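A look at the structure
Next come the chains, spelled out residue by residue.
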Amino acid sequence: MTVAELVFYLLAILAVVAALGVVTTPNVVHSALALILTLVCVAGFYVLLSSEFLALVQVLIYAGAVATIILFGLMLTRGRELPSVPAGAQWPLALLAAGTLVVVLLTAVLDSEWPRDTGVVTLVGVNTLGGALFRDWLLPFEVASLVLLVALIGAIVISRQEEEGEA
Amino acid sequence: METAAEQIPLESFLFVAAVIFSLGVYGVLSRRNAVQILMSVELMLNAVAVNFVAFATYTDPELFRGLVFAVFVIIVAAAEVGLALGIILRVFRNRATANVDEVSELKW
């Protein structure tokens, strides 16, 4: 077993266990922390897949910003008694649906012919990715910045405290 | 010197991503706290992004379209989290609950 394989299996086990933690722990803060662990493991997958830039972005945006926002959201919605919302009565059905889905997906993965390793796995550097983003994918890139702007304005408008006499 | 991706088969990544995606589906269906549902959605988005990057690395190394797509997935996820938490905060302020079952006015 090579080092890369060992790292992959460790990351995979950690990611799945942490993801299980996200969806099963009753405590919301614990599941947020487990989510951070999963996101870091996914960043590790990106490193193994030779895309360092995405790994950096994953750690910065996901494990950094998104996780912080979620923790903030938890803090602000805690208020008096924290709604330690019960798991809900439909968990057996959810388990059935998710179980069926995982069986179907894994069967599909195992049964299909995937292209074998071509041996030309190249490292996509930041320069190459940036060039592609600004040359071939310029329009989607600009649309994405517009999406971010709209989301920003929308979030401010929705969550803003209303002033006296207004609304 | 082989890169790490040449030593690990593509199926391994698809396998892990499928398991994480299904866990996300389970979370969305079983949890009742809005923030936890949001976190489960993040799990599903991440699993899909891993798939995109894996396919880009193994089958499309010249154009790496999947990698670009993963960048956009992350952008949209960031926008989605900000907006969703704004909505959750607003609902919590008006109704003092984060339980999605108690906010069912739009349910048919």
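Predicted model only: the values in this text are computed from it and were never measured. (Residues numbered from 1 in each chain as written. Chains lettered and ligands numbered in written order. Predicted model: local features only at pLDDT ≥ 70, side-chain atom pairs only at ≥ 80, totals over all residues. Heavy atoms only, no water.)

This brings us to the overall build of chain B. Looking only at helices and strands, chain B features four helices and zero strands. Put simply, chain B runs from its N terminus to its C terminus through helices and strands in the order α-α-α-α. Taken over the C-alpha trace, chain B has a radius of gyration of 18 Å; the compact-globule value for 108 residues is 13 Å, which it surpasses by more than 25%. In chain B, which comprises 108 residues, the proportion classed as buried is 61%. (Helix = DSSP H or I, 4+ residues; strand = E, 2+ residues; numbered from the N terminus. Rg over C-alpha atoms; globule rule 2.2 N^0.38 Å. Buried < 20%, exposed > 50% of the residue type's maximum accessible area, 1.4 Å probe, protein only.)

The next thing to look at is the overall build of chain A. Across its full length, chain A holds six helices and zero strands. Seen in sequence order, chain A has helices and strands lined up from the N terminus as α-α-α-α-α-α. The buried share of chain A, taken over its 167 residues, is 35%. Long-range contacts, defined here as pairs at least 24 residues apart, represent 52% of the contacts in chain A between residues at least 6 apart. Working note: accessible area of chain A is about 9900 Å², and carbon and sulfur atoms make up 74% of it. (Contact = heavy atoms within 4.5 Å. Areas by Shrake-Rupley, 256 points an atom, 1.4 Å probe, with all protein chains shown as cover.)

So, about the packing of aromatic side chains. All chains considered together, the criterion is met by seven aromatic pairs over all chains. Aromatic pair Phe8(A) and Phe45(A): ring centres 5.6 Å apart, planes at 40°, arrangement tilted. Of this pair, Phe8(A) sits in helix α1 (residues 3-24) while Phe45(A) sits in helix α2 (residues 28-48); the two residues are 37 residues apart in sequence, bridging distant segments of the chain. With centroids separated by 6.4 Å and ring planes inclined at 50°, the aromatic side chains of Phe13(B) and Tyr58(B) adopt a geometry described as tilted. Here Phe13(B) is found in helix α2 (residues 10-30), whereas its partner Tyr58(B) is found in helix α3 (residues 34-59), with 45 residues between them in sequence. (Phe/Tyr/Trp six-rings, centres within 6.5 Å; stacked < 30°, edge-to-face > 60°.)

Turning our attention to the nonpolar core. By size, the foremost hydrophobic cluster in this structure holds 74 residues, and its most contacted members are Phe8(A), Phe45(A), Tyr46(A), Leu54(A), Ile70(A), Phe13(B) and Met39(B). Put simply, the parts of the chain that give this core at least two residues each are α1, α2, α3 (52-76), α4 (91-111) and α5 (126-135) of chain A together with α2, α3 and α4 (65-95) of chain B. The leading source of residues in this core is α4(B), at 13 residues. Not counting residues up to four positions away in its chain, the partners in contact with Ile70(A) are Ala32(A), Leu35(A), Val35(B), Met39(B), Val81(B) and Leu85(B). (Core = buried A, V, L, I, M, F, W, Y, C linked by side-chain atoms within 4.5 Å.)

A word on the interface of chain A and chain B. Size of an interface: often given as the accessible area lost when the parts come together. At the junction of the two partners, chain A supplies 88 residues and chain B supplies 71 residues. Across the chain A to chain B interface the summed buried area is about 7200 Å²; carbon plus sulfur atoms make up 77%. In this structure, the connection of chain A to chain B is made through zero salt bridges. The interface formed by chain A and chain B contains eleven residue pairs in polar contact (both at pLDDT 80 or more). Of all elements in the fold, only α1, α2, α3, α4, α5 and α6 (138-159) of chain A reach the threshold of two or more residues within the side of chain A that touches chain B. (Buried area = accessible area lost by both parts, 1.4 Å probe. Salt bridge = Lys/Arg side-chain N within 4 Å of Asp/Glu carboxyl O. Polar contact = N/O pair within 3.5 Å; in protein donor to acceptor, adjacent residues only side chain to side chain.)

This part takes up the confidence of the model for chain B. Residues and elements named next belong to chain B. Summarising the model, chain B shows a mean pLDDT of 87, and 95% of its residues fall at 70 or more. Ranking the elements of chain B by mean pLDDT puts helix α1 (residues 4-7) last, at 71, and α2 first, at 92. Interface confidence in the predicted complex, given as ipTM, is 0.89; pTM for the same model is 0.88. (pLDDT = per-residue confidence, 0-100.)

This next bit is on a nonpolar patch on the surface. Taken together, the side chains of Leu146(A), Leu149(A), Val150(A), Leu152(A), Ile153(A), Ile156(A) and Val157(A) make up a nonpolar region of the molecular surface, amounting to roughly 680 Å² of accessible area. Position of Leu152(A) relative to the elements: it lies in helix α6. (Patch = residues over 30% accessible without salt bridge, like charges linked within 9 Å, V, L, I, M, F, W, Y side chains within 5 Å.)

Turning our attention to the packing of α3(A) against α4(B). As a packed pair, α3(A) and α4(B) sit with axes 10 Å apart at the nearest point and diverge in direction by 5°. Accordingly, the angle class assigned to the pair α3(A) and α4(B) is roughly parallel. On the side of α3(A), the interface is formed by Leu54(A), Val57(A), Gln58(A), Ile61(A), Tyr62(A), Val66(A), Ile69(A), Ile70(A), Gly73(A) and Leu76(A), while α4(B) contributes Leu67(B), Ala70(B), Val71(B), Ile74(B), Ala77(B), Ala78(B), Val81(B), Leu85(B), Leu89(B) and Phe92(B). Counted by class, the contact of α3(A) with α4(B) contains 18 nonpolar, two polar and no charged residues. (Axes fitted to C-alpha atoms, helices over the stretch in contact; angles between N-to-C directions. Parallel < 35°, antiparallel > 145°, perpendicular 65-115°, else oblique. Nonpolar A, V, L, I, M, F, W, Y, C, P; charged D, E, K, R; others polar.)

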